[in-house]
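# Inside the fold
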Amino acid sequence: MLTHNRAVDLIAPGLFRLTRGGFAAPHLVMADVPTLVDAGAPGRGPAIERELGAADINIGRIVLTHGDPDHIGASDYLRAVTGAEVCAALAERPLIDRSGWPAMPLRRRLLERALLRETAVPTIDRWIDGPAVLGSIDVVPTPGHTPGHIALNWNGWILAGDAFVTGERFRESLWFFTIDRETARRSIEALLALAPRGASSSHGRPIDRATERLQALVDTWR
Ligand SMILES: [Zn+2]
């Protein structure tokens, strides 16, 4: 069993936040199959591989919360070195395979293009359609930040990706990077309805009392 290790950050029993993913922190869930949530920025594959190796973890599954570069950049690399099955939402496919780029806001399109310039379209082994169960992990569609964004619910913890930003200043994802803010707010309300005990996101420290904090956030627009 994994114990607290300097290479990874223990959030809760069986739940870890990795530190080597680049801009966005991947998470590791010791679910039915050790599962990596998001795959880091382009070029971060070897660093994430070392981090998992230092913790002596063999992942069997990678779940991509959405198709932004800092979440999918090292997916192919990690798939190749671990043999893990890569899962992503069907609704996110146009962003992941880039067929939907032309329909995205210009600033977003330029960002994706610049950051993924040298990265191939990642291989997805399993497309998830709507709410789903992956072993002991619940997949919760949370569109808004991107059209097919998903969050994960495991053991009372929400792994939010970019559905919101945890940390001392708990908040919505930056409007500049959020494709549909109203839809993103409905998704945050859906996550509140799950009454989570904790939450962690890609761009901020984990929080406890997540239901209370989500309620306070939702109250700012309700
Ligand atoms: Zn994002």
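Conventions and cut-offs
- Residues numbered from 1 in each chain as written.
- Predicted model: local features only at pLDDT ≥ 70, side-chain atom pairs only at ≥ 80, totals over all residues.
- Heavy atoms only, no water.
- Donors = N, O, S within 2.8 Å, 3.2 Å for Na, K, Ca; no water.
- Tetrahedral: all angles 85-135°; square planar, octahedral: opposite > 155°, others 65-115°.
- Buried < 20%, exposed > 50% of the residue type's maximum accessible area, 1.4 Å probe, protein only.
- Core = buried A, V, L, I, M, F, W, Y, C linked by side-chain atoms within 4.5 Å.
- Contact = heavy atoms within 4.5 Å.
- Axes fitted to C-alpha atoms, helices over the stretch in contact; angles between N-to-C directions.
- Helix = DSSP H or I, 4+ residues; strand = E, 2+ residues; numbered from the N terminus.
- Parallel < 35°, antiparallel > 145°, perpendicular 65-115°, else oblique.
- Left-handed = near helix turned anticlockwise from the far one by under 90°.
- Nonpolar A, V, L, I, M, F, W, Y, C, P; charged D, E, K, R; others polar.
- Polar contact = N/O pair within 3.5 Å; in protein donor to acceptor, adjacent residues only side chain to side chain.
- Salt bridge = Lys/Arg side-chain N within 4 Å of Asp/Glu carboxyl O.

## A short note on the coordination of the zinc ion
Protein coordination of the zinc ion is provided by His 66 (NE2), Asp 68 (OD), His 145 (NE2) and Asp 162 (OD), with donor distances spanning 2.1 to 2.2 Å. Geometry at the zinc ion is irregular, judged from its four donor atoms and the angles of 90 to 168° they form at the metal. You can call Asp 68 buried: its relative accessible area is 6%.

## Quick look at the nonpolar core
Residues Leu 28, Leu 36, Leu 52, Ile 59, Ile 62, Leu 64 and Leu 78 are the most contacted members of the largest nonpolar core, which totals 24 residues. If near-sequence neighbours (up to four positions away) are discounted, Leu 64 is found in contact with Asp 38, Ala 39, His 71, Ile 72, Ser 75, Val 86, Cys 87, Ala 88, Ile 124 and Ile 150.

## Thoughts on the packing of helix H1 (residues 45-54) against helix H3 (residues 75-82)
One can describe the packing of H1 onto H3 by two numbers: an axis separation of 9 Å at closest approach and a directional angle of 45°. Taken together, the axes of H1 and H3 are oblique relative to one another. Crossing handedness for the pair H1 and H3: right-handed. Along the contact surface, H1 presents Gly 45, Pro 46, Ile 48 and Glu 49, while H3 presents Tyr 77, Leu 78 and Val 81. By residue class, the composition of the contact of H1 with H3 is five nonpolar, one polar and one charged.

## Description of the side chain of Thr 146
Within the secondary structure, Thr 146 sits in the loop between strand S9 (137-141) and strand S10 (150-154). Here the side chain of Thr 146 touches Glu 92 through a polar contact of 2.9 Å, side chain to side chain. Every residue in contact with Thr 146, bar those within four places of it in the chain, is listed here: His 66, Asp 68, Glu 92, Leu 95, Arg 108 and Ile 179.

## So, the packing of helix H6 (residues 181-192) against helix H7 (residues 210-219)
In a packed pair of helices, the relevant descriptors are the angle between the two axes and the axis-to-axis distance. Relative orientation of the contacting elements H6 and H7 amounts to 150°, with a least axis distance of 9 Å. As far as their axial angle goes, H7 and H6 are roughly antiparallel. The way H6 lies across H7 gives a crossing that is left-handed. Across from Ile 188, Glu 189, Leu 191 and Leu 192 in H6, the residues of H7 making contact are Thr 211, Leu 214, Gln 215, Leu 217 and Val 218. Class assignment of the residues belonging to the contact of H6 with H7 gives a composition of six nonpolar, two polar and one charged.

## Points about the pattern of salt bridges
The tally for this structure, following the rule as stated, stands at twelve salt bridges. Between Arg 108 and Asp 68 there is a salt bridge, with the nearest N and O atoms lying 2.8 Å from each other. One end of the pair, Arg 108, is in helix H5 (residues 106-115); the other, Asp 68, is in the loop between strand S5 (61-63) and helix H2 (69-72), with 40 residues separating them in the sequence. One salt bridge connects Glu 172 with Arg 185, and the closest N-O pair in it is separated by 3.0 Å. Residue Glu 172 is found in the loop between strand S11 (157-159) and H6, and its partner Arg 185 is found in helix H6; the two are separated by 13 residues along the sequence. The same class applies to Glu 172 as to Arg 185, namely buried. Counted as one network, the salt bridges with shared partners bring together Glu 172, Arg 181, Glu 182, Arg 185, Arg 186, Glu 189 and Arg 222.

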